[in-house]
Amino acid sequence: MAIKDYIRERFFPHIWCAGCGHGIILNGLVRAINELQIPKSDVVMVSGIGCSSRIAGYLDFHTLHTLHGRALTFATGVKLSRPELNVIVPMGDGDALAIGGNHFIHAARRNINITAIVMNNRIYGMTGGQYSPLSGPGIVASTAPYTNIDQSFDVVKLAEAAGATFVARTTAYHVQQVMEILQEAILHKGFSVVEIMSQCPTYFGRRNRVGDAVDMLKHMKKITTPIGSKAKQEDPELIERGIFVRKELPEYCEAYDTVIQRAKEGN
Amino acid sequence: MSDNILFVQGNEACVEGALYAGLNFFAGYPITPSTEVAEQLSLRLPKIGGKFIQMEDEIASMCAIIGASLTGHKVMTATSGPGFSLKQEALGYAIMAEIPCVIVNVQRGGPSTGIPTHVSQGDVNQSRWGTHGDHAIVVLTASNHQDVFAMTVEAFNIAETYRTPVVLLFDEVVGHMRERLALPEPGAIPIVDRLRTSVKQGINYHPYLPREDGRLPMSDFGGVHRYNVTGLFHDMWGFPSDDPVVIRDLLRHLMDKLESRTNQLTHFKDFHTEDADCLLISYGSSARSARAVVEKRRMRGERYGLLELQTLWPFPYDLVRQKAAGAKTIVVVEMNMGQICQSVRQAVDRPERVFLSNRFDGVFIAPRDIEQSLRLIQGKGV
């Protein structure tokens, strides 16, 4: 299928700023679904609130644009009630891990077969550049004019500790890897988390004087390295990319089928 | 004794009503005094292939049922005051996106954590205006288990008919009290099933384009029609819009679809209201005590009557005005500081006739409490 067949052209132009990384991720996501040849009517995309969350409306799937931070809870209702559907949840960093942090860890703990994508641009873009739980110390934001003192989460470690059975990280620079990892994540049976580092040149970039979108993309290339690479051994500060966790544990909806079975047998 | 006669708590009567209505997805979080609803459904739903999930919090429970409603399920959650506060955000979402769902609030005393194990009817106005923004909502209540059952079925029927959340506003006394419940035979009470679109695959389906009768046929997520659902103001495609005409028309639609059907949505019971000099107006467990007072006074030949409201919102202004027309005195009996009393005063002519008989100390309002109020109202002292 042509990529444009996945797009609701009627709803364009999109709201994203020039140079935003989210369009690249949309591209990788659509290509991943296309490669897997999943029929459009078998995909439910559930999103929350923020720049990232608008991704759902632009795509020709069943799309549910919900509340800030709550996407995974709506998605849990969709998935548990219709387990045969592919449920994909694109979220922003504030959406997924600040207001939605509790839902994030509990969805991971249940190991429900949902693909969670954290589009991490380290800032609240839609509201004008406030610091997020992934901004990290030293960052300037509209609510951290004297630089941010909050430590940040490591999404990969958090997701793994919470029980996600597939955990990966890549960046908007590595769009080929975005596509490949998302395919793996969607195919994985269980809760998968894919952190995709993205750039917000408008709010993060300008305020922190890190250059334009191209500079920010190049920077992502510079500061990341494949998992276990020699470069990582030489420079422990580098952020690893790739699949960190891939394991099999009982999937929630399948486990619920055993509950139904026991209930019907009267045990 | 027949299997159809049960001796159960009100919370269990609610469960029976929900299952009768076709409930097949429930998400909840433990909270007193509604927990028995979740406990019973965790036992009952899997037996019929339905789904029960205990979510991480009240917010998540409300959101999960909205997700499940969109795949074509009949859904419910249950809570009490603090949990009801937490659900308001997603309740507003369900109003805006027009998602059929039922929310049970077994009221306890508030504000805040309040008095978890004691009775109150303090959430009446919250059930109307708890979520932000102009909106309309349906709120039903009941005073005994047979009515809890019937109103629960009705809640699902209204939710499906009008694509709206419906709140079942019970209270701790009704929720925890045990009494007889006769289960109606299947088919004895009509069940409204979801109205699904007849638009065929390949033809444009507009999820938010009302039919001539105002109803909006749905298409299940996973079906042949793919569309967008959002809590933003949206056009007939479900796509966000900031067009003033779209905003105005959608808000009018959301209000009018319920407010203009107040008479159809109004459920009530009346006892001797036709010639009452003194009209008591009550609802929920308070109405049991009010009824006892009316019966006693009638035996003495005094012209007392009771209007028991079962639909609290949209408030039945016409009904109340009409029933109160001939009464010299109107006494609203409730367990809060006068929430329905306020609406009754707005509804009737000569509102100086309206008095409040209430308790708000966690203690059930007994007939003697109402009698005490009546003495004061009638100038007899205590």
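Since this is a predicted model, take the numbers as computed values, not measurements. (Residues numbered from 1 in each chain as written. Chains lettered and ligands numbered in written order. Predicted model: local features only at pLDDT ≥ 70, side-chain atom pairs only at ≥ 80, totals over all residues.)

*Asks:* Quick one: what's the story with the overall build of chain A, residue by residue and with numbers?
*Replies:* A count of helical and extended segments in chain A gives ten helices and ten strands. Here the C-alpha atoms of chain A give a radius of gyration of 18 Å, agreeing with the 18 Å that 2.2 N^0.38 yields for 267 residues. Across its three principal directions, the C-alpha atoms of chain A cover 65 × 45 × 35 Å. (Helix = DSSP H or I, 4+ residues; strand = E, 2+ residues; numbered from the N terminus. Rg over C-alpha atoms; globule rule 2.2 N^0.38 Å.)

*Asks:* Run through the overall build of chain B, naming residues and quoting values.
*Replies:* Looking only at helices and strands, one finds 13 helices and 16 strands in chain B. At 21 Å, chain B has a C-alpha radius of gyration in line with the 21 Å of a compact globule built from 382 residues. Along the three orthogonal principal directions, the C-alpha set of chain B runs to about 75 × 50 × 40 Å. Evaluated residue by residue, chain B yields a buried proportion of 54% over its 382 residues. Restricting the contact set of chain B to residue pairs at least 6 apart, pairs at least 24 apart contribute 74%. (Buried ≥ 20, exposed ≤ 12 C-beta atoms within 10 Å, placed from the backbone. Contact = placed C-beta atoms within 7 Å.)

*Asks:* Tell me about the pairing of strand 16 (residues 354–358) of chain B, and name the residues and values.
*Replies:* Residues and elements named next belong to chain B. Counting buried positions along strand 16 yields five of five residues, so the element is predominantly enclosed. Residues of strand 16 alternate between two faces, with Val354, Leu356 and Asn358 on one and Phe355 and Ser357 on the opposite face, all of them buried. Bridge count between strand 15 (residues 329–334) and strand 16: five bridges; the pairing is parallel. Following the sheet pairing, Val333 is matched in strand 16 by Ser357. Read as a crossover between parallel neighbours, the route from strand 15 over helix 12 (residues 339–347) to strand 16 is right-handed. (Pairing = 2+ DSSP bridges. Right-handed = clockwise from strand over helix to strand, strands pointing away.)

*Asks:* Can you break down the sheet that holds strand 9 (residues 224–226) of chain A residue by residue, with the values?
*Replies:* The strand order across the open sheet formed by nine strands is 9(A)-10(A)-7(A)-8(A)-4(A)-3(A)-1(A)-2(A)-10(B), and the pairing between neighbours is mixed. Across the chains shown, the open sheet's two edge strands, defined by having one partner strand only, are strand 9 of chain A together with strand 10 (228–230) of chain B. Looking at each pair of strands side by side, their axes are set apart by 20 degrees on average, direction ignored. Here six bridges tie strand 4 (residues 114–120) of chain A to strand 8 (residues 192–197) of chain A, and the two strands are oriented parallel to one another. Looking across to strand 8 of chain A, one finds that Ile117 of chain A is bridged to Val194 of chain A. (Axes fitted to C-alpha atoms, helices over the stretch in contact; angles between N-to-C directions.)

*Asks:* Outline the interface of chain B and chain A, supporting the account with residue identities and numerical values.
*Replies:* In this assembly, 35 residues from chain B lie in contact with 32 residues from chain A. Going through the elements one at a time, strand 2 (25–28), strand 3 (51–54), helix 3 (58–70), helix 4 (81–97) and strand 10 of chain B are the ones with two or more residues in the side of chain B that touches chain A. At nine residues, the largest contribution of residues to the side of chain B that touches chain A is made by helix 3 of chain B. Residue composition of the side of chain B that touches chain A, by class: 20 nonpolar, nine polar and six charged. The pairing of strand 2 (residues 62–65) of chain A with strand 10 of chain B spans three bridges and is classified as parallel. Its bridge partner being in strand 10 of chain B, Thr63 of chain A is matched across the sheet by Asn228 of chain B. (Nonpolar A, V, L, I, M, F, W, Y, C, P; charged D, E, K, R; others polar.)

*Asks:* Talk me through the confidence of the model for chain B; I want residue IDs and the actual numbers.
*Replies:* Residue-level pLDDT values for chain B average 97, and 99% of them are 70 or greater. Among the prediction metrics, the complex's ipTM stands at 0.97, with pTM recorded as 0.98. (pLDDT = per-residue confidence, 0-100.)

*Asks:* Describe the sheet that holds strand 16 of chain B, listing the residues and the values that go with them.
*Replies:* Residues and elements named next belong to chain B. The sheet built from five strands is open, its strands ordered 11-13-12-15-16 with mixed pairing. The outermost strands of the open sheet, each flanked by one partner alone, are strand 11 (268–271) and strand 16. The average undirected angle you get between the axes of adjacent strands in this sheet is 20 degrees. Contacting strand 15 and strand 16, helix 13 (residues 367–377) runs over the sheet at an angle of about 150 degrees to strand 15.

*Asks:* Give me the lowdown on the domain arrangement of chain B, citing residues and values where you can.
*Replies:* Residue and element names in this part refer to chain B. Domains assigned within chain B are domain 1 (5–182) and domain 2 (269–377). A separation of 26 Å is found between the C-alpha centroids of domain 1 and domain 2. Taken residue by residue, the interface counts 26 residues in domain 1 and 20 residues in domain 2. Residue assignment for the side of domain 1 that touches domain 2 shows that the elements contributing at least two residues are strand 6 (115–119), helix 5 (124–129), strand 7 (138–140), helix 6 (145–162), strand 8 (165–171) and helix 7 (172–176). The greatest single-element share of the side of domain 1 that touches domain 2, amounting to four residues, is contributed by helix 5. The class makeup of the residues in the side of domain 1 that touches domain 2 is 14 nonpolar, nine polar and three charged. (Domains from an automatic or database assignment.)

*Asks:* Give me the lowdown on the nonpolar core, citing residues and values where you can.
*Replies:* Of all hydrophobic cores here, the largest spans 179 residues; its most connected members are Val46 and Val89 of chain A together with Ile66 and Leu168 of chain B. No other element matches the ten residues that helix 6 of chain B contributes to this core. Residues contacting Val46 of chain A, with those up to four places away along its chain left out, are Ala56, Leu64, Thr66, Ala71, Phe74, Ala75, Val78, Val87 and Val89 of chain A. Core analysis: the second largest hydrophobic core is formed by nine residues, Cys20, Ile123, Tyr124 and Tyr131 of chain A among them. (Core = buried A, V, L, I, M, F, W, Y, C linked by C-beta atoms within 7 Å.)

*Asks:* Run through the environment of Gly130 of chain B, naming residues and quoting values.
*Replies:* All names here are of chain B. Looking at the element boundaries, Gly130 is found in the loop between helix 5 and strand 7. Sequence separation of Gly130 and Gly284 is 154 residues, and the distance between their C-alpha atoms is 20 Å. Sequence-distant contacts of Gly130, defined by excluding residues within four places in its chain, comprise Phe84, Gln88 and Leu91.

*Asks:* Quick one: what's the story with the packing of helix 2 (residues 71–81) of chain A against helix 3 of chain B, residue by residue and with numbers?
*Replies:* Remark: helix 2 of chain A packs on helix 3 of chain B, axes separated minimally by 6 Å, with the N-to-C direction vectors making an angle of 45 degrees. On the basis of their axis angle, the class for helix 2 of chain A and helix 3 of chain B is oblique. Between helix 2 of chain A and helix 3 of chain B lies a crossing whose hand is right-handed. Here Thr73, Phe74, Ala75, Thr76, Gly77, Val78, Leu80 and Ser81 of chain A of helix 2 of chain A lie close against helix 3 of chain B, whose contacting residues are Ile59, Ala60, Cys63, Ala64, Ile65, Ile66, Gly67, Ala68 and Leu70 of chain B. Among the residues making up the contact of helix 2 of chain A with helix 3 of chain B, the classes are represented as twelve nonpolar, five polar and no charged. (Parallel < 35°, antiparallel > 145°, perpendicular 65-115°, else oblique. Left-handed = near helix turned anticlockwise from the far one by under 90°.)

*Asks:* Residues and numbers for helix 2 of chain A, please.
*Replies:* Along an α-helix, residues three or four positions apart point the same way, because every turn accommodates 3.6 residues. Within helix 2 of chain A, eleven of the eleven residues are buried, leaving the element largely enclosed by the surrounding structure. For helix 2 of chain A, the complete set of buried residues consists of Ala71, Leu72, Thr73, Phe74, Ala75, Thr76, Gly77, Val78, Lys79, Leu80 and Ser81 of chain A.

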